[in-house]
Amino acid sequence: QPAYASAPLTLAGLKGKVVLVNFWVYSCINCHNSLPTLKGWYGQYRTQGLEIIGVHTPEFESDKPTASVQAALKEDGVTWPVVQDNARTNWRAWGIRAWPTFLLIDRHGRVRYTHRGEISSRFPQAIPLLDARLRALLAEK
């Protein structure tokens with residue numbers, strides 16, 4: 001079994017948690033720059049019921065090797081679950097069109113908000129709104 005492997009995750013299995021789905025690829029600078037914001041939220045809100053799920057969707061053939069994805073996760077200190085979406089199955093199913101894209105899913109499994117684009121100190125405009133939406137979803141029971 002590869003390093004970092006976990007039991008398969010399902011939305012049904014995540015009911016009761018607020019889930020932030022991060023569609024990304026390690027070779028995307030905008031995705032990379034968003035990691036500190038995600039790490040901050042994961043550290044701050046995980047004990048309140050936040051789970052982040054990374055969906056690594058390659059843009060290029062060179063983005064597909066599992067070992068490369070694992071090395072990027074280790075180098076970047078990503079500790080939340082990440083699924084490899086090499087065939088773009090999840091990308092297509094969710095209608096994603098850009099890296100990075102973030103979906104906020106409430107405790108009942110409903111997508112409540114979508115944001116496309118970097119969330120970082122370079123592009124901070126969306127961070128307060130996303131943070132407020134996260135806090136609001138975590139406050140819902």
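Procedures and definitions
Sequence order as written defines the numbering, with residues in each chain counted from 1. Since the coordinates come from a predicted model, pLDDT governs what is reported: local features require at least 70, and pairs of side-chain atoms require 80 or more to be given and counted, while whole-chain, interface and lining totals use all residues. Excluding hydrogens and water, the side-chain values take into account all heavy atoms of the structure. For every residue, the accessible area obtained with a 1.4 Å probe (protein chains only) is divided by the maximum for its type, and the residue is called buried under 20%, exposed over 50%, and partly exposed between those limits. Helix and strand assignments come from DSSP, with helices taken as H or I runs of at least 4 residues and strands as E runs of at least 2, each series counted from the N terminus. Here a strand pair is declared whenever DSSP counts at least two bridges between the two strands. Viewed with both strands pointing away, a crossover whose connecting path from the first strand over the helix to the second turns clockwise is right-handed. Here, the term nonpolar core denotes a set of buried Ala, Val, Leu, Ile, Met, Phe, Trp, Tyr and Cys residues that are joined through side-chain atoms within 4.5 Å. In what follows, a contact means two residues having at least one pair of non-hydrogen atoms within 4.5 Å. Using a 1 Å grid laid over the protein atoms alone, points where a 1.4 Å probe fits but cannot get out form a cavity; open sets with protein on both sides within 12 Å along at least 5 of 7 lines form a pocket; any residue with an atom within 4 Å of a point counts as lining. Grid points are joined across faces, edges and corners, and a volume is the space filled by probe spheres set on the points. Asp, Glu, Lys and Arg are counted as charged, while Ala, Val, Leu, Ile, Met, Phe, Trp, Tyr, Cys and Pro are counted as nonpolar; the rest, among them Gly, fall into the polar class.

Draft legend 1. Fine view of the pairing of strand β2 (residues 50-56). Taking burial as the measure, the seven residues of β2 include seven buried ones, the bulk of the element. Taking every second residue as pointing to the same face, both faces of β2 are buried, with Leu50, Ile52, Gly54 and His56 on one and Glu51, Ile53 and Val55 on the other. Relative to β2, strand β1 (residues 18-24) is paired through seven bridges, and the arrangement is parallel. Across the sheet, residue Leu20 finds its bridge partner in β2, namely Ile52. Running through helix α1 (residues 29-45), the crossover from β1 to the neighbouring parallel element β2 is right-handed. Pairing analysis gives three bridges linking β2 to strand β3 (residues 82-84), with the strands arranged parallel. The residue of β3 that forms the bridge with His56 is Gln84. Handedness of the crossover joining β2 and β3 through helix α2 (residues 66-76) is recorded here as right-handed.

Draft legend 2. Just the nonpolar core, in detail. Judged by nonpolar contacts, the single largest core of 37 residues is most densely connected at Leu20, Leu38, Trp41, Leu50 and Leu134. Taken together, the elements giving at least two residues each to this core come down to β1, α1, β2, α2, β4 (101-105) and α4 (127-139). Not counting chain neighbours up to four residues away, the residues in contact with Leu20 comprise Leu38, Trp41, Leu50, Glu51, Ile52, Ile53, Phe102, Leu103, Leu104 and Leu134.

Draft legend 3. Fine view of empty space enclosed by the protein. Tallied over the entire structure, the rule returns one cavity of 30 Å³ or more. The calculated volume of the largest cavity comes to roughly 30 Å³. In terms of lining, the largest cavity is formed by Trp24, Val25, Tyr26, Cys28, Cys31, His32, Leu35 and Asp76. Considering every element that reaches the lining of the largest cavity, the biggest residue donor is α1, with three residues. A class-by-class count of the residues in the lining of the largest cavity yields six nonpolar, one polar and one charged.

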